[in-house]
Amino acid sequence: MAQNSDPKSPAIGSDADSSPVMHPSSWAKHTGFRPRFSGESNASDSGQSTRPNNPSPPASLDLETSRVRPIPTVNATAPAPQPANAQAHPQSDNDQSATKRRDAQGGSAPLPPKRGANGHARIAAAVETPTSTPPQPSRRAARNGDIESTLPQVFDDSRRSHMKYELRDTPGLVPIGLYGFQHYLSMLGSLVLVPLVIVTAMGGDHEDMSMVVSTVLFVSGITTLLQSNFGSRLPLIQGPSFVFLAPALAIIKSPQFLGLHENSFKHIMKELQGAIIIASAFQALLGYTGLMTLLLRLINPVVVSPTIAAVGLSFYTYGFPHLGECLEIGILQILIVIIFFLYLRKVSLFGHRVFLIYAVPLGMAITWGITYILTETGAYKYKDCDVNIISDHCKKHISRMKSCRAGANTSIALKSSPWFRFPYPLQFGTPVFNWKLAIVMSVVSIISSVDSVGSYHASSLLVASKPPTPGVVSRGICVEGISGILAGLWGTGIGSTTLTENVHTIAVTKMGSRRTVELGACVLIILSLVGKVGGLIASTPQVMVAGLLCIMWAMLTAFGLSNLRYSESGSSRNIIIIGLSLFFSLSTPAYFHQYNSNHKGLNYVMNTLLSLHMVIAFLVAMVLDNTVPGSKQERGVYVWAPPEAVREPAFIKDYGLPFRLGKFFRWVRWVGL
């Protein structure tokens, strides 16, 4: 039988290695998973078919588009056909990364690249490589004696090639200032929405809200500098977390505070301060003593995903019902943000995807302007009705007057705020320590640590040469505990932790320099000293706050579920675990809500904890994921840098403590390098 003369199609009976076509496993093709991100076992561990003689070409995963981009490689057995007129081609970064990865895995070494006159690396038109030498297994797999079940733990620069600036880059003051401004502006919703909800629930007025907003900006700047220099050293922003919002609202609505009328804000604030201080001290102890390294063995993407998703889903009863108080403004705001996020996300202005990065602040500014115009033209002005004077005729209009109007609220908040205000510790009074509230917050601090672990892993894949060691993760959790103590002393009303949506901002802006985050933190501290800034933020109409929260909580749910990209999301095992975790996280709290009237002793603690959606999701997912059999690849076990990585200069520059402080922590292996 005559063979096919088409050089592009493989001959019948020829070796499969000569085919340039990718043969990814079925789940990888549909989910876009790349094993090198979790760095664990082959697909064969979970029952997937593989082609040991025809490994798939390496691919890089774009976190923004969730698409797999194949990296061209040089076939070790049959060189790819070259055009006759092509004597040399520039070697791309992806080719170099693929070459490094093949060398690290024990493949045959290629010929050194030739240097052209222009200084760029070039390769010859034909590369002669031995065809009889079989590919060698990786050193790490051979050392562990488990070649088939473990992929090489190789962390190269291919996943960082799309970043404009990497972790240790210092591009200059102007680029740092520009990118730092857009980074924090994109995080504006997370920084200011939580205090707006907390203060309103505690019965505070515009002056109280302005003080809390300024305090949040100040503490967020200080704690971000601490985390960037003495914690994980990753470009992660610290701030008020939605993880602490649900227990804080549960405490505020406790029967013991229902009878308070006068000075209810300061009384509840002091109770929250005491609970946050104790819970944050427990979190710092969790990281400093090394207990976090033990907890890391139980935390995987299948645990992190439903836990974070449950945080966003737990507020479904708050979002749209509050938005419905002024439906036309709330719907308009959500539509604007959705159009920017989804339909205009690929539109670039001056080289930046403005609508994708600034969707939340732009939507907020446009809606606020429209609301102000409607208010000034008398759209929400009813005859003989005043917000402060409630009559029978005006009762049906009071809700819309409070939620929709913008001009009056802005005027009151700005007039009551001074130009200069310095947030200081214990400005709301001495904290009150209640053991019941402290236990509730301490359990939630564990959930916060789980959230931070997922952020550390995802951000390190974007900006660092290698993921952190368990010791660096413990150090970051310890600094988060210290940050929470500062938040309790200053009186933010809520704990401080790593903002999950920060990872999405890094992936979109392509800015991974820690100097950018540090400069933005300094700007936050300066803005916190200007009292009018806090007053302006505090004057945000309530319906706009509800609309932004609907967007932020939906994004938080999506960010949580996106952690499944590190595991086999199509596995029946994982599907059942995620489904059970999410369902019981919504259904179980509805049962315990009816027992919240009993607020005595341990009953209050158990009822409050079991009525929190995130706690139920974490317990169900952690128990099932660590007891149901599954391969490491199927579970997507997080891979941290091995202990021997601390001797590498690049790793030390990425995660080492500045000012030679690392030598003071050498005796504490679990929080240092």
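So, how was this worked out
- Residues numbered from 1 in each chain as written.
- Predicted model: local features only at pLDDT ≥ 70, side-chain atom pairs only at ≥ 80, totals over all residues.
- Heavy atoms only, no water.
- Helix = DSSP H or I, 4+ residues; strand = E, 2+ residues; numbered from the N terminus.
- Contact = heavy atoms within 4.5 Å.
- Axes fitted to C-alpha atoms, helices over the stretch in contact; angles between N-to-C directions.
- Parallel < 35°, antiparallel > 145°, perpendicular 65-115°, else oblique.
- Left-handed = near helix turned anticlockwise from the far one by under 90°.
- Nonpolar A, V, L, I, M, F, W, Y, C, P; charged D, E, K, R; others polar.
- Buried < 20%, exposed > 50% of the residue type's maximum accessible area, 1.4 Å probe, protein only.

Engineer: Mind showing me how you'd approach the environment of S190 here?
Structural biologist: For S190, the position within the fold is in helix α6 (residues 188-201). The contact partners of S190, leaving out residues within four places of it in the chain, are P240, F242, L499, E501 and M552.

Engineer: What's the story with the packing of helix α18 (residues 435-463) against helix α25 (residues 601-610) in this structure? I'm lost.
Structural biologist: Any two packed helices are characterised by the angle at which their axes cross and by the distance between the axes. Axis separation between α18 and α25 bottoms out at 9 Å; the angle between their running directions is 30 degrees. As the angle between them shows, α18 and α25 are arranged roughly parallel. As for the relative orientation of α18 and α25, their crossing is right-handed in sense. When α18 is examined against α25, the residues W435, K436, L437, I439, V440 and V443 are found in contact with a partner set consisting of G601, L602, Y604, V605, T608 and L609. Counted by class, the contact of α18 with α25 contains 9 nonpolar, 2 polar and 1 charged residues.

Engineer: Just to check I follow, could you spell out the packing of α18 against helix α20 (residues 501-509) for this structure?
Structural biologist: Two elements in contact, α18 and α20, have axes separated by 9 Å at closest approach and are oriented at 15 degrees. Here α20 runs roughly parallel to α18, going by the angle between their axes. Along this stretch, α18 crosses α20, giving a crossing that reads as left-handed. Residues S455, A458, S459, L462 and V463 of α18 pack against V503, I506 and A507 of α20.

Engineer: Explain helix α8 (residues 245-252) here, please?
Structural biologist: Working note: α-helix, 3.6 residues per turn, so residues spaced by three or four point in the same direction. In terms of residue burial, α8 counts as a mostly covered element, since 7 of its 8 residues are buried. For α8, the full list of buried residues reads L245, A246, P247, A248, L249, I251 and I252. As for α8, its buried residues are in contact with α6, α9 (264-288), α18, α23 (542-561), α25 and α26 (613-627).

The analysis is restricted to geometry; functional conclusions fall outside its scope.
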